[in-house]
Amino acid sequence: MNGSENQPERRPDNEIDQDRLDQLIQRAQEVISKDEKEVPTFWKAKYKKEAARNWDIFYKRNTTKFFKDRHWTDREFKELADQSKEQKCLEVGCGVGNFVFPLLADNPQMFIYACDFSKRAVEMVKSNENYTESRCKAFVCDLTADQLTDNIPANSLDLVSAIFVFSAIPPEKMSIAIKNIYSVLKPGGHVLFRDYGIYDEAQIKFSAASDKRLESNFYVRHDGTMSYFFSKEDLQTRFEAENFKTLDCQYIYRETINRGMEMRIDRIFAQAKFQKQ
């Protein structure tokens, strides 16, 4: 259930300067404030009900070619690079393995559970030539409906990565997913989180289209997949309500370059680290 964060070619660590950031946020607020029309109730329910089906269709259409491998995650989250001890990690919304396989290659001390509610995506993970059950277990799971403890022992994981996945979950169901994650983490274990931040360029485009808004900060794409945009306060409140401690919560500002279209695109991501108490 990867959020669709496939980005144009990016200049690494090219942060947006403050003046440009202020302009971006002001423009975003103006556009979003005018977008008051919501998708009709029937279609809201349909998109939410058919979420897994729409992601299955997405992976059928794009196979393993849409997302780039995530070689940046161990730079952003040092826990993933720790080879001083054996660790167990769960990636929720694993997609076709763009996080799983680079991490398995880089950290021989890591065992990874990987789940997604797209059956097709999980099949692609299992069919990857680098998939081995001695280091990885992939399974189908809807975080809002299925128990992770059916596949993972309770209180057994050191880490859970949630990278561009919660944005695809309806806001009213996020607490269920967070509780589910809590059940398999060890006390003191960490959730490593990165997703779309409020006022991101993608949100501006959704609002400008005027027919994509499901509710506040929550939108639907043309293919029926959905995307939520987090403020730091919103994100922190959701995890702390389920007894997590916030260790870090910030916005990441980046400029991406689409060389083919000769465009600069300003991105805002929400990045956080939570600890099970």
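The structure under discussion appears in the preceding block.
Given the structure is predicted, the values throughout are model-derived calculations rather than measurements. (Residues numbered from 1 in each chain as written. Predicted model: local features only at pLDDT ≥ 70, side-chain atom pairs only at ≥ 80, totals over all residues. Heavy atoms only, no water.)

## Some thoughts on the overall build of the protein chain
Applied cut-off: Secondary structure counts use DSSP, requiring at least four H or I residues in a row for a helix and at least two E residues in a row for a strand, with both numbered from the N terminus. The cut-offs for exposure are 20% and 50% of the maximum accessible area for each residue type, with area from a 1.4 Å probe on protein chains only; residues under the lower value are buried, those over the upper are exposed, and the others partly exposed. Any two residues having at least one pair of non-hydrogen atoms within 4.5 Å are treated as being in contact. Computed with a 1.4 Å probe, the accessible areas rest on the Shrake-Rupley method; for each residue, only the protein chains presented here act as cover.
Counting its secondary structure elements, the protein chain contains 9 helices and 10 strands. Taken across its 277 residues, the protein chain has 54% of its residues classed as buried. Relative to all contacts within the protein chain whose residues are 6 or more apart in sequence, the contacts with residues 24 or more apart total 75%. When the accessible area of the protein chain is evaluated, it comes to approximately 12,900 Å², of which 45% is carbon and sulfur surface.

## A few points about the sheet that holds strand E6 (residues 213-215)
Threshold: Any two strands with at least two DSSP bridges between them are considered paired. For helices, the fitted axis covers only the stretch in contact; all axes are lines through C-alpha atoms, and the angles between them, taken along N-to-C directions, range from 0 to 180 degrees.
Across the sheet, 3 strands lie side by side as E6-E7-E8; this open sheet has antiparallel pairing. The strands lining the two open edges of the sheet, one partner per strand, are E6 and strand E8 (226-228). Taken over all neighbouring pairs, the strand axes of this sheet differ in orientation by 30° on average, direction set aside. Across 3 bridges, strand E7 (residues 218-220) lies against E8 in antiparallel orientation. Its bridge partner lying in E8, Tyr219 is registered against Ser227.

## Observations regarding the pattern of salt bridges
The condition is simple: The salt bridge definition used is simple: a Lys or Arg side-chain nitrogen within 4 Å of an Asp or Glu carboxyl oxygen.
Overall, the coordinates contain 13 salt bridges when judged by the stated rule. With its nearest N and O atoms 3.8 Å apart, the salt bridge here joins Arg53 to Glu50. The exposure class assigned to Arg53 is partly exposed, which follows from its relative accessible area of 49%. Note that Arg194 is salt-bridged to Glu76, the shortest N-O span being 3.7 Å. Residue Arg194 is found in strand E5 (residues 185-196), and its partner Glu76 is found in helix H4 (residues 73-76); the two are separated by 118 residues along the sequence. Given the relative accessible area of 5%, Arg194 is considered buried. By relative accessible area, Glu76 is classed as partly exposed at 28%. A single salt-bridge network, built from bridges that share partners, covers Glu38, Lys44 and Arg213.

## Let's talk about the side chain of Ser231
We count it as follows: N or O atoms within 3.5 Å of each other form a polar contact, as long as, within protein, one can give a hydrogen and the other can take it, and as long as residues adjacent in sequence are counted only when both atoms are side-chain atoms.
By the secondary structure assignment, Ser231 is in the loop between E8 and helix H9 (232-240). The class of Ser231 is buried, set by a relative accessible area of 15%. In terms of polar contacts, Ser231 uses its side chain to reach the backbone amide nitrogen of Asp234, at 3.0 Å. Setting aside anything within four residues of it in sequence, one finds Ser231 in contact with Ile198 and Tyr251.

## Quick notes on unusual backbone geometry
The backbone of Phe164 sits at a positive phi, close to 50°, despite the residue not being glycine. For Phe164, a relative accessible area of 1% puts it in the buried group. One non-glycine residue, Asn243, adopts positive backbone phi at about 75°. Take Asn243: it is sitting in the loop between H9 and strand E9 (244-258).

## Examining the nonpolar core
Formally: For this analysis, a nonpolar core means a set of buried residues of the types Ala, Val, Leu, Ile, Met, Phe, Trp, Tyr and Cys, connected via side-chain atoms within 4.5 Å.
Counting 49 residues, the largest nonpolar core has Leu90 and Phe166 as the members making the most contacts within it. Looking at which element gives the most residues to this core, the answer is helix H7 (residues 174-184), with 6 residues. With sequence-adjacent residues up to four places away left out, Leu90 is seen in contact with Tyr113, Ala114, Cys115, Leu148, Ile152, Leu157, Leu159, Val160, Ser161 and Val184. Core analysis: the second largest hydrophobic core is formed by 36 residues, Cys89, Ile112, Val125 and Phe229 among them.

## Description of the packing of helix H1 (residues 18-33) against helix H8 (residues 201-209)
Note the cut-off: Note on angle classes: values under 35 degrees are labelled roughly parallel, values over 145 roughly antiparallel, values of 65 to 115 roughly perpendicular, and the remainder oblique. Helix crossings get a hand from a simple test, with the near helix turned counterclockwise from the far one by less than a right angle marking a left-handed crossing and a clockwise turn marking a right-handed one. Three residue categories are used. Nonpolar comprises Ala, Val, Leu, Ile, Met, Phe, Trp, Tyr, Cys and Pro, charged comprises Asp, Glu, Lys and Arg, and polar comprises the others, including Gly.
Running from amino to carboxyl end, H1 crosses H8 at an angle of 25°, the nearest separation of the two axes being 9 Å. On the basis of the axis angle, H1 is roughly parallel to H8. Here the hand of the crossing between H1 and H8 comes out left-handed. Contact with H1, carried on its side by Leu24, Arg27, Ala28, Val31 and Ile32, involves Glu201, Gln203, Ile204, Ser207 and Ala208 of H8 and no other residues of that element. For the contact of H1 with H8, the class distribution of residues is 6 nonpolar, 2 polar and 2 charged.

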